[in-house]
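# Residue-level structure breakdown
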Amino acid sequence: MAVEVGDKAPDFELKDQHGTPVKLSDFAGKKDVVLVFYPLAFSGICTGELCAIRDELPTLGGDDVQVLAVSVDSVFALRAWTDQEKYQFPLLSDFWPHGGVAQSYGVFDADKGLARRGTFIIDKAGVVRWKVDNAIPEARDLDAYRKALSELS
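For the structure given in this document, a descriptive report is provided here. (Residues numbered from 1 in each chain as written. Predicted model: local features only at pLDDT ≥ 70, side-chain atom pairs only at ≥ 80, totals over all residues. Heavy atoms only, no water.)

### Description of the overall build of the protein chain
Regarding its fold elements, the protein chain presents 4 helices and 9 strands. For the protein chain, the succession of helices and strands along the chain, N to C, is β-β-β-α-β-α-β-α-β-β-β-β-α. A globule of 153 residues ought to have a C-alpha radius of gyration of about 15 Å, and the protein chain, at 14 Å, matches this closely. With the principal axes as the frame, the protein chain shows a C-alpha extent of 35 × 35 × 30 Å. Considering only contacts in the protein chain between residues 6 or more positions apart, those separated by 24 or more positions represent 65%. Accessible surface computed for the protein chain: about 7,300 Å², of which carbon and sulfur atoms make up 55%. Separation between the mean location of the 17 positive side-chain charges and that of the 24 negative ones in the protein chain comes to 2 Å. (Helix = DSSP H or I, 4+ residues; strand = E, 2+ residues; numbered from the N terminus. Rg over C-alpha atoms; globule rule 2.2 N^0.38 Å. Contact = heavy atoms within 4.5 Å. Areas by Shrake-Rupley, 256 points an atom, 1.4 Å probe, with all protein chains shown as cover. Lys, Arg positive; Asp, Glu negative; His and termini not counted. Charge placed at Lys NZ, Arg CZ, Asp CG, Glu CD.)

Structure (structure tokens):
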């Protein structure tokens, strides 16, 4: 079942690229969250999208916004990718149960075994305020993130 705008965002706990557990609920009352699902580390479109987020992070809301990027890759692959690309936000491993968090948000492609390009903006109260679900080969538009985040202020 897909998560829709106005729904309470399903909480989850996943390990980041350093093996540290990260819970969505840890940001409740503190930061708005941009939850970005992507298919696979090291792939062309995913690298372009996450590097754009890395480079534009200050314009996406600064200290009031936390980006969490989620894929089915292992913690080890995410660490290698972070070291290569110098990401400054958590890359979370939805490795096991395979794609479980992506499934709970309705963005898991069971035929391919990975997440589609789903993005959810979750406010400090834990409510989904904006979402987009792009097909795997379709890159997202960062200007849409900026507009949605500005509407939360």
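### Thoughts on the pairing of strand β8 (residues 117-122)
Counting buried positions along β8 gives 6 out of 6 residues, so the element sits mostly inside the fold. Burial along β8 is two-sided: Arg117, Thr119 and Ile121 facing one way and Gly118, Phe120 and Ile122 facing the other are all buried. Sheet analysis places strand β3 (residues 32-37) next to β8, joined by 4 bridges and oriented antiparallel. When the bridges of β8 are listed, valine 36 appears paired with threonine 119. Direction of pairing for β8 relative to strand β9 (residues 128-134): antiparallel, over a ladder of 6 bridges. Each bridged residue has a counterpart across the sheet, and for isoleucine 122 the counterpart in β9 is valine 128. Once β8 ends, the chain turns through 5 residues before running back antiparallel as β9, passing glycine 126 with a positive phi of about 85°. (Buried < 20%, exposed > 50% of the residue type's maximum accessible area, 1.4 Å probe, protein only. Pairing = 2+ DSSP bridges.)

### Let's talk about the pairing of β3
With 6 of 6 residues buried, β3 lies mostly within the body of the structure. Side chains of β3 alternate between two faces, with Asp32, Val34 and Val36 and Val33, Leu35 and Phe37 buried alike. Direction of pairing for β3 relative to strand β4 (residues 65-71): parallel, over a ladder of 6 bridges. Bridge assignment links valine 33 to a residue of β4, and that residue is glutamine 66. Between the parallel pair β3 and β4, the chain is carried across by helix α1 (residues 44-56), and the sense of this crossover is right-handed. (Right-handed = clockwise from strand over helix to strand, strands pointing away.)

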